[in-house]
Amino acid sequence: MLKFVCVYCGANFNGDAGLEAVLEDLATQMVAKNISLVFGGGSIGLMGIIADAVLSRGGEAIGVIPQFLLEKEVGHKGLTQMIVTENMHQRKQKMADIADAFLILPGGFGTLEEFFEVLTWLQLGLHQKPIAVLNYKGFYDFLFKQLDVMVEQKFLKATNRDLVINASDALSVLEQLECFSVQADEVWFRDRNLS
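A. Seen up close, the side chain of His127. Mapping His127 onto the fold places it in the loop between α5 (109-123) and β6 (131-134). Separated by 2.9 Å, the side chain of His127 and the backbone nitrogen of Lys129 make a polar contact. Contacts of His127, omitting those with residues within four sequence positions, involve Phe102, Val118, Trp121 and Leu122.

Shown next, in the form of structure tokens:
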């Protein structure tokens, strides 16, 4: 059962009303399932939208932000809990420690970096927590295509490619996170054979 879902998303928002509606739906589903939000602690961009949506529905939102970003990302003032760290490494570790699962929404470099870090940790067996992408309007289609290319060119095992859930709506993504069985294939450690 999921209690805490770590959401990685942008500190920017492109003004897409459809995307905002998806975040509102995600917040509704999370609160209905008694799932708390763990996120980067900002009040701006998608971070602010999802936090405000969860809080306005009576849910719990836990922010984790490094001291130097409190001003840049405008630290959210109304959270259930705000954890301030010394640096980015501590931020990411704390978010990962709290989370039962990871959910990636649209974002930029930081979002992708966070996604690939927890995915790499999963592949290495450092955690057994499911990871999903809420692929709104195909935002991450090219990312998934790149993962397929990695498999085709034998730099990634298909079983490890399949560790990422690709979903397009809030209810589906949460249901898949709840029932996903995580099993990384570590055979490549021994024989380096990706076929």
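B. Structural detail: the pattern of salt bridges. For the structure on display, the rule yields 7 salt bridges. In this structure, Glu24 engages Arg57 in a salt bridge whose closest nitrogen and oxygen atoms are separated by 2.7 Å. Placement of Glu24 in helix α1 (residues 17-32) and of Arg57 in the loop between α2 (45-56) and β3 (61-66) is noted, with a sequence separation of 33 residues between them. Of the charged contacts, one joins Glu178 and Lys33 as a salt bridge, the two residues approaching to 3.3 Å between their closest N and O atoms. Residue Glu178 is located in helix α8 (residues 170-179), and its partner Lys33 is located in the loop between α1 and β2 (36-39); the two are separated by 145 residues in the primary sequence. Residue classification places Glu178 among the partly exposed positions, given a relative accessible area of 37%.

C. Looking closely at the sheet that holds β6. Spatially, β4-β3-β2-β1-β5-β6-β7 is the arrangement adopted by the 7 strands of the open sheet, whose pairing is parallel. Each of the sheet's edge strands pairs with one partner strand only, and the pair in question is β4 (81-85) and β7 (164-167). The mean inter-strand angle of the sheet, taken between neighbouring strand axes irrespective of direction, is 25°. Relative to β6, strand β5 (residues 101-104) runs parallel, the two being bridged by 3 bridges.

D. The arrangement of the nonpolar core in detail. Core analysis: the largest hydrophobic core is formed by 34 residues, its most contacted members being Val5, Leu26, Leu37, Ile50, Leu103 and Leu105. Elements supplying a minimum of two residues to this core: β1 (4-8), α1, β2, α2, β5, β6, β7 and α8. With 7 residues, α2 is the single largest residue contributor to this core. Here Leu26 is in contact with Ile50, Leu103, Leu105, Ala170 and Leu174, once residues within four sequence places are set aside.

Analysis parameters
Residues numbered from 1 in each chain as written. Predicted model: local features only at pLDDT ≥ 70, side-chain atom pairs only at ≥ 80, totals over all residues. Heavy atoms only, no water. Helix = DSSP H or I, 4+ residues; strand = E, 2+ residues; numbered from the N terminus. Polar contact = N/O pair within 3.5 Å; in protein donor to acceptor, adjacent residues only side chain to side chain. Contact = heavy atoms within 4.5 Å. Salt bridge = Lys/Arg side-chain N within 4 Å of Asp/Glu carboxyl O. Buried < 20%, exposed > 50% of the residue type's maximum accessible area, 1.4 Å probe, protein only. Pairing = 2+ DSSP bridges. Axes fitted to C-alpha atoms, helices over the stretch in contact; angles between N-to-C directions. Core = buried A, V, L, I, M, F, W, Y, C linked by side-chain atoms within 4.5 Å.

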